[in-house]
Amino acid sequence: MKINIAIDGYSSCGKSTLAKLLSQKLAYNYIDTGAMYRSVTLYLVNEGLIKDGKIFKETVINALDKIDVTFQFNSSKNQSDTYLNGVNVEDEIRSPEISSLVSGISQLREVRQKLISLQQKMGEGKGIVMDGRDIGTAVLPNAEVKFFVTADLDVRSQRRYDELKSKGYEYSFDKVKENLLERDHNDTHREENPLVQAEDAILMDNTDLTIEELVAKSYEIVQAKLTK
Ligand code: DC
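Procedures and definitions
- Residues numbered from 1 in each chain as written.
- Predicted model: local features only at pLDDT ≥ 70, side-chain atom pairs only at ≥ 80, totals over all residues.
- Heavy atoms only, no water.
- Axes fitted to C-alpha atoms, helices over the stretch in contact; angles between N-to-C directions.
- Helix = DSSP H or I, 4+ residues; strand = E, 2+ residues; numbered from the N terminus.
- Parallel < 35°, antiparallel > 145°, perpendicular 65-115°, else oblique.
- Left-handed = near helix turned anticlockwise from the far one by under 90°.
- Contact = heavy atoms within 4.5 Å.
- Nonpolar A, V, L, I, M, F, W, Y, C, P; charged D, E, K, R; others polar.
- Near = heavy atom within 4 Å.
- Polar contact = N/O pair within 3.5 Å; in protein donor to acceptor, adjacent residues only side chain to side chain.
- Areas by Shrake-Rupley, 256 points an atom, 1.4 Å probe, with all protein chains shown as cover.
- 1 Å grid on protein atoms, 1.4 Å probe; cavity = no way out; pocket = protein on both sides within 12 Å on 5 of 7 lines; lining within 4 Å.
- Sits in = over half its atoms within 2 Å of the grid points.
- Expected span 1.5 Å × (residues − 1).
- Buried < 20%, exposed > 50% of the residue type's maximum accessible area, 1.4 Å probe, protein only.
- Arc of directions from axis to C-beta.

**Student:** I tried to follow the packing of helix α2 (residues 33–46) against helix α5 (residues 109–123) on my own but got confused; where do I start?
**Tutor:** The relative placement of two packed helices comes down to the angle between their axes together with the axis-to-axis distance. Closest axis-to-axis distance for the α2/α5 pair is 11 Å, and the angle between their directions is 140°. Classified by the angle their axes make, α2 and α5 are oblique. When the axes of α2 and α5 are compared, the crossing they make is right-handed. Residues T33, M36, Y37 and V40 of α2 form the contact with α5, whose own contacting residues are V111, R112, L115, I116, L118, Q119 and M122. Looking at the contact of α2 with α5, its residues break down into 8 nonpolar, 2 polar and 1 charged.

And the structure:
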């Protein structure tokens, strides 16, 4: 039997790493829904449809039909890469520019409707680990296991700071923290599918856990469900 696993949580709380490692352990497909919102944002930037950080709703809505986001397994990395209209954009969508614009795009109802329906199709065959902000509440409300991951803001800021530094971006710790706070606010306060813990989600506080401990704990919960 295969099940669906929904993982939601704040930015940089370790949920993507958890989702990736858990999917590998279970031989399930991993769907990074944040990558889909990032890809839509990248398309708009590349086409010059976001100017000086300004987002025009009608322009975005008109562009949606021209945007196709898919995932393809990359065996050398043992994980899926994100493709925007057939082009691998896995690295480009993680840039600070896209990170700062994506929450504005992800607030638009039409964008969410399009991506949620794609995500629901991806979940139809089961055997999926999907991470995002609204997976347990809106995308896969019937997922058999739901996790809601949190971690202390300073711990998350440090992780994000280290990650950016390793990619060659120079930002101060305070700037990184400020950006995370802003994204938390946007994610939890938007009208459409805000980030909220689903009633039946299991809270995983990742502040004092290593990633190995987090994966082991989650894997145990999934195994208990599978053998029930
Ligand atoms: O997980 P991430 O940082 O790659 O997500 C990028 C942005 O997309 C983030 O600002 C929140 C938004 N997002 C969302 O609104 N719903 C999702 N299911 C996933 C991401």
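**Student:** Explain the site of the ligand here, please?
**Tutor:** Around the ligand, the surrounding shell holds 16 residues, and the nearest of these are R38, R112, D134, R183 and R190. Taking T33, its side chain carries an N or O atom lying 3.0 Å from a nitrogen atom of the ligand. At a separation of 2.8 Å, a nitrogen atom of the ligand approaches a polar side-chain atom of D134. Contact with the protein chains hides 96% of the accessible area of the ligand, taken as 450 Å² for the molecule alone. The cavity where the ligand resides is the largest pocket. Of all the secondary-structure elements, those providing two or more residues to the shell around the ligand are α2, α4 (96–105) and α8 (173–189). Tallying contributions element by element places α2 first for the shell around the ligand, with 4 residues. For the shell around the ligand, a count of residues per class yields 3 nonpolar, 5 polar and 8 charged.

**Student:** I'm lost on the environment of V145 in this one. Help?
**Tutor:** Within the element layout of this structure, V145 appears in strand β7 (residues 145–150). As a C-alpha pair, V145 and Y219 span 74 residues in sequence and 11 Å in three-dimensional space. Those residues in contact with V145 that sit more than four places away from it in its chain are I3, N4, I5, A6, I221, V222 and K225.

**Student:** Help me out: how do you make sense of α8 in this one?
**Tutor:** Because an α-helix completes one turn every 3.6 residues, residues spaced three or four positions apart along the sequence face the same direction. The first and last C-alpha atoms of α8 sit 24 Å apart over 17 residues, in line with the 24 Å expected at 1.5 Å per residue. Among the residues of α8, V176, L180, R183, D184, N186 and D187 are the ones counted as buried. For α8, the angular spread of the buried residues around the axis is 170°, confining them to a single face. Within α8, the exposed residues directed more than 90 degrees away from the buried face are D174 and H189. Buried residues along α8 sit against α2, α4 and α7 (153–166).

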